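# Inside the fold
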Amino acid sequence: MAHPKRRVSAVRRDKRRTHYKLDAKAVSTCQTTGETHLRHRAYVVDGDLYLNGKVAIAGYAPVASAAASTDEE
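Please read these numbers as outputs of a predicted model, since none were measured by experiment. Residue positions are counted from 1 within each chain, in the order its sequence is given. Two thresholds apply to this predicted model, a pLDDT of at least 70 for residue-level local features and 80 or more for giving and counting side-chain atom pairs, whereas whole-chain, interface and lining totals are computed over all residues. For the side-chain quantities, the full set of heavy atoms in the structure was used; hydrogens and water were omitted.

## Regarding the environment of Thr 18
Inclusion rule: Elements are defined by DSSP. Helices are runs of H or I of four residues or more, strands are runs of E of two residues or more, and each kind is numbered from the N terminus. Whenever two N or O atoms come within 3.5 Å, that pair is a polar contact, provided that in protein one can donate a hydrogen and the other can accept it, and provided that, for residues adjacent in sequence, both atoms are side-chain atoms.
Relative to the helices and strands, Thr 18 is located in the loop between α1 (10-16) and β1 (27-29). Of the polar contacts made by the side chain of Thr 18, one reaches the backbone oxygen of Lys 15; its length is 3.0 Å.

Right, here's the structure in full:
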């Protein structure tokens, strides 16, 4: 295991961390629905689940809300 002989100063530590930055999320606009969504992810529009511009599951949102309501009881 690494075992430092001397304490690393705050300046050295911060210089090393200058490259640790968040990147902006890749957002796309669907050509079918015009909805913005995260790339390579499914998304819900008007109760239907879309993936790659096609309906993956029709009536998806009512099913999800019914499952959530049964968990609350």
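## Focus: the layout of surface pockets
The condition that has to hold: Residues are called lining when one of their atoms sits within 4 Å of a cavity or pocket point, these points coming from a 1 Å grid over the protein atoms alone, where a cavity is a set in which a 1.4 Å probe fits but cannot get out and a pocket is an open set with protein on both sides within 12 Å along at least five of seven lines. Grid points are joined across faces, edges and corners, and a volume is the space filled by probe spheres set on the points. Asp, Glu, Lys and Arg are counted as charged, while Ala, Val, Leu, Ile, Met, Phe, Trp, Tyr, Cys and Pro are counted as nonpolar; the rest, among them Gly, fall into the polar class.
Each pocket or cavity is described by its volume, and for the largest pocket that value is around 220 Å³. As for the largest pocket, its lining consists of Ser 28, Thr 29, Cys 30, Gln 31, Thr 32, His 37, Arg 39, His 40, Arg 41, Tyr 43, Asn 52 and Gly 53. Considered class by class, the residues forming the lining of the largest pocket number two nonpolar, eight polar and two charged.

## Re unusual backbone geometry
So the rule is basically this: Burial here depends on accessible area, computed with a 1.4 Å probe over protein chains only, as a share of the maximum for the residue type. Under 20% is buried, over 50% is exposed, and the range in between is partly exposed.
The backbone phi angle of His 40 is positive, close to 60°, even though this residue is not glycine. Looking at the secondary structure, you find His 40 in the loop between β2 (36-38) and β3 (43-45). According to the relative accessible area criterion, His 40 is exposed, its value standing at 69%.

## Describing the packing of aromatic side chains
Think of a pair of aromatic rings as described by two things: how far the centres are apart, and how the planes are tilted against each other in angle. Let me state the cut-off plainly: Stacked, edge-to-face and tilted labels apply to pairs of Phe, Tyr and Trp rings (six-membered ring for Trp) whose centres lie within 6.5 Å, assigned for plane angles under 30 degrees, over 60, and everything in between, in that order.
On inspection of all chains with the given rule, the structure shows one aromatic pair. With 6.0 Å between their ring centres and 15° between their planes, Tyr 43 and Tyr 50 make a pair best called stacked. For the pair formed by Tyr 43 and Tyr 50, the shared burial category is buried.

## A look at a nonpolar patch on the surface
Just so we agree on the cut-off: Surface patches are defined over residues having more than 30% relative accessible area and no salt bridge, joining like charges when they lie within 9 Å and nonpolar side chains (Val, Leu, Ile, Met, Phe, Trp, Tyr) when within 5 Å. Where accessible areas are quoted, they stem from the Shrake-Rupley method and a 1.4 Å probe; at the residue level, only the protein chains shown are allowed to cover. Any Lys or Arg side-chain nitrogen located within 4 Å of an Asp or Glu carboxyl oxygen qualifies as a salt bridge.
A cluster of nonpolar side chains, Val 44, Ile 57 and Tyr 60, forms an exposed patch at the surface whose accessible area comes to about 230 Å². Within the fold, Ile 57 resides in strand β5 (residues 54-57).

## What about the side chain of His 37?
For the record, the criterion: Contact criterion: two residues are considered in contact whenever any of their non-hydrogen atoms come within 4.5 Å of each other.
Residue placement: His 37 occurs in strand β2. Excluding residues within four positions of it along the chain, His 37 makes contact with Ala 26, Val 27, Ser 28, Thr 29, Cys 30 and Tyr 43.

## A closer look at the pairing of strand β4 (residues 48-51)
Cut-off, in case you're wondering: Strand pairing follows a simple DSSP-based rule, namely that at least 2 bridges must link the two strands.
By the bridge criterion, three bridges tie β3 to β4 in an arrangement that is antiparallel. Note that in β4 the partner of Tyr 43 across the bridge is Tyr 50. Between β3 and β4, which pair antiparallel in sequence order, lie two residues; one of them, Asp 46, sits at a positive phi of approximately 55°. Sheet analysis places β4 next to β5, joined by three bridges and oriented antiparallel. What sits directly across from Tyr 50, in β5, is Val 55. The antiparallel hairpin formed by β4 and β5 contains two residues in its connecting segment, where Asn 52 sits at a positive phi of about 55°.

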